[in-house]
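What follows is the residue order along each chain.
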Amino acid sequence: MANAAPTLAAPAGAADAKLHRIAFAVMAVAVALAPFAFYPVFLMKAMCFALFACAFNLLLGFGGLLSFGHAMFFGGAGYFCAHAAKVWGLTPELAILAGAGAAALVGSVTGLLAIRRQGIYFAMITLALAQMIYFFAVQAQWFTGGEDGIQGVPRGKLFGLVDLSHMPAMYSVVAVIFLGGFLLIYRIIHSPFGQVLKAIREHEPRAVSLGYDTDYYKLLAFVLSATLAGVAGATKALVFQLASLTDVHWTMSGEVVLIALLGGVGTVFGPVVGALIIVTMQDYFSQLGAGVTIAQGVVFVICVLAFRRGIVGELSRVLKRSL
Amino acid sequence: MFKRSVFVAAYLALSAGAAHAEFSGGVIKIGVLTDLSGTYSDISGQGSVIATQMAVEDFGAAKKGMKVEIISADHQNKGDVASSIARQWYDRDGVDAIVDLVTSSTALAVNQVAKEKNKVALVSGAASSDLTGKDCTPNTIHWAYDTWMLANGTGSAIVKTGGKTWYFITADYAFGHALERDTTAAVEKAGGKVLGSVRHPFPSSDFSSFLLQAQASKAQIIGLANAGADTTNAIKQGAEFGITRGGQNFAGLLVFITDVHALGLNTAQGLIVTTSFYWDLNDQTRAWSKRFFEKHKRMPTMVQAGVYSSVLHYLKAVEKLKADQDGAKVIAQMKAMPTDDPLFGKGRVRQDGRKIHPAYLVEVKKPAESKAPWDYYKIRTTIPADQAFRPEKEGGCPLVK
């Protein structure tokens, strides 16, 4: 899987950077205008998944590491955030930070264990650890509410001032978190750190021979990815006022792989496009019963057969620009 | 993001005059939120949609000049999906009441949303007795059955009919633990004895070692504190071990008639189950179930019967109030009026949101005793309505003063 990441030409040149700025501006305007046309809760869900997929893509697309356990960060942070908001009575920003912190902690431990191996073994170790978190969530009813999850999480008041039970306030917070997270990831990718990461992805022994401590870079990428996935999961818990087993189940880890592949692994905007498509499908097809999973499967098959670089990946190839 | 629903059944009023303007959007909209694709689609699913349609027909909405629309969606047994659909339905699509809600996590999620938006949730599919306990709200009624009814009914009634010694095979998660705990309490209160229990991982496909321990315990009753595929797997493998032929009986704590149908009488015979509805109870249930069968090609489960009954009562309350906007008011009206329908007979809804009706302890027939398709149960005892459910004061519902 590691070499499925498209090898894009050279670091983003000035022209690419300009293109990215325009694309980002378009995205920001779309985020600001969309709630007038679409249902805000749906948009917030899409943004949470988009950030989750971007965080995942940071690891797979730029670090070449396929994690199959990202649900543990996403869902685990959701539980932490929900518990912090409901039981400890923290304000929403602190609850989200608590969730992200928990994800960072779990990410450091998992990362330390997992980065010692590559490819399928790396994926299996992350999956195994994620399953442990899942079964902890099933059993630890005092913390996670077992199979009922944590229900009725209060959204609270941001900084003790802004009441998030109002839709526009909540939407703005989610939009800021999503756009901020996206910019952070963009910065990481295009920093010297990001360049080293790409070097490791392309040829690890060469990076070692150049004197880079690759384990250190991989661990840092892993923890960053886990933390940002945690931010996404914690935000989602506040949006839906619910943290449940769905988010820590291994199918969630699979879903984020699907989103990233569909949008384009190793592209900047791909995960956002992928998340939008998958979340829209889940919402539109929920009346068709089994249709949801079948449609997702069909889309996945088409994607693998027809455009292996993903939607944005193919677009970027056609335009000969990195996106 | 919903297209106008796929499963829309619109019952048009003969005259859409100003007289009906009190219904929000001029129409009473009922959303059936259920499992259309997964494990629980047999016990609820499409059958619940049909039950809702039948309730609207039987109520005679069209004749009374009330316009009722039904939409449905699949919550995939996920709490967050259920919560987002419910928000959307209440916020944007003008849904006034959500019914069915199979699996507890989805019901508890929608329970909160209904309260927040002051709409109506009528739960039939979910089991958790917390819905009328610590999580009760003025906007939810729990209709068909709950975990307390199952545990108590099965536990105490079996002891009274002679099953004194018990052994539990329990799914190792909160739901299984709760069932085991509640049933144990009921068994011991009735003078029975629990010899032991074993916990299996959830979900599990190989029950042989658990079954051997249960067999070796020599308990008269083996209680299955699990659900769905775990229960049916345990029963199937138990039949291979000859457990029922050896004189022991299985007691399923959460078994529906569709599970028995899937298992077949050969495997399921002797299984003891508590249910709040059986199609072959009396002339009225038989007549209704026959109509249901013609549409769905399966007999109704207690969940589907509950959906029918709850929608019927809801429409009666809305008719009386002539308004549907204020969810808490409609629920208060439903609590004020006694219930009466062909499936559960006369009953009432308590302050904590618990619908009260009798429950039945039934035993699955031997193949030789079954005279017709779906002739599966013989009634061992009827648990009267006032004993079938948890006493109102013990639930800890804040609405009960």
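Scroll up to find the structure.
An account of the accompanying structure is given in this report. (Residues numbered from 1 in each chain as written. Chains lettered and ligands numbered in written order. Predicted model: local features only at pLDDT ≥ 70, side-chain atom pairs only at ≥ 80, totals over all residues.)

## Concerning the overall build of chain A
When its secondary structure is counted, chain A shows 14 helices and four strands. For 323 residues, the compact-globule estimate of 2.2 N^0.38 gives 20 Å, and the C-alpha radius of gyration of chain A, at 19 Å, lies within 12% of that figure. For chain A, the spread of C-alpha atoms along the three principal axes comes to 50 × 45 × 40 Å. For chain A, buried positions account for 52% of its 323 residues. Counted over contacts in chain A with a minimum sequence separation of 6, partners at least 24 positions apart contribute 77%. (Helix = DSSP H or I, 4+ residues; strand = E, 2+ residues; numbered from the N terminus. Rg over C-alpha atoms; globule rule 2.2 N^0.38 Å. Buried ≥ 20, exposed ≤ 12 C-beta atoms within 10 Å, placed from the backbone. Contact = placed C-beta atoms within 7 Å.)

## Some points on the packing of helix α2 (residues 40–63) of chain A against helix α7 (residues 167–189) of chain A
Residues and elements named next belong to chain A. Closest axis-to-axis distance for the α2/α7 pair is 10 Å, and the angle between their directions is 15 degrees. Taken together, the axes of α2 and α7 are roughly parallel relative to one another. Once α2 is placed against α7, the crossing between them reads as left-handed. Note on element contacts: α7 touches α2 through Met 167, Met 170, Tyr 171, Val 174, Ala 175, Phe 178, Gly 181, Phe 182, Ile 185, Ile 188 and Ile 189, opposite Pro 40, Met 44, Met 47, Cys 48, Ala 50, Leu 51, Cys 54, Ala 55, Leu 58 and Phe 62. For the contact of α2 with α7, the residue count by class is 20 nonpolar, one polar and no charged. (Axes fitted to C-alpha atoms, helices over the stretch in contact; angles between N-to-C directions. Parallel < 35°, antiparallel > 145°, perpendicular 65-115°, else oblique. Left-handed = near helix turned anticlockwise from the far one by under 90°. Nonpolar A, V, L, I, M, F, W, Y, C, P; charged D, E, K, R; others polar.)

## As for the interface of chain B and chain A
In many analyses, interface size is given as the accessible surface area lost on bringing the parts together. Listed as interface residues are 30 residues of chain B and, on the opposing side, 28 residues of chain A. Mapped onto the side of chain B that touches chain A, the elements with two or more residues apiece are β3 (68–74), α2 (79–91), α3 (104–117) and α5 (174–189) of chain B. For the side of chain B that touches chain A, the element with the most residues is α2(B), which contributes eight residues. Here the side of chain B that touches chain A is built from residues that sort into twelve nonpolar, twelve polar and six charged.

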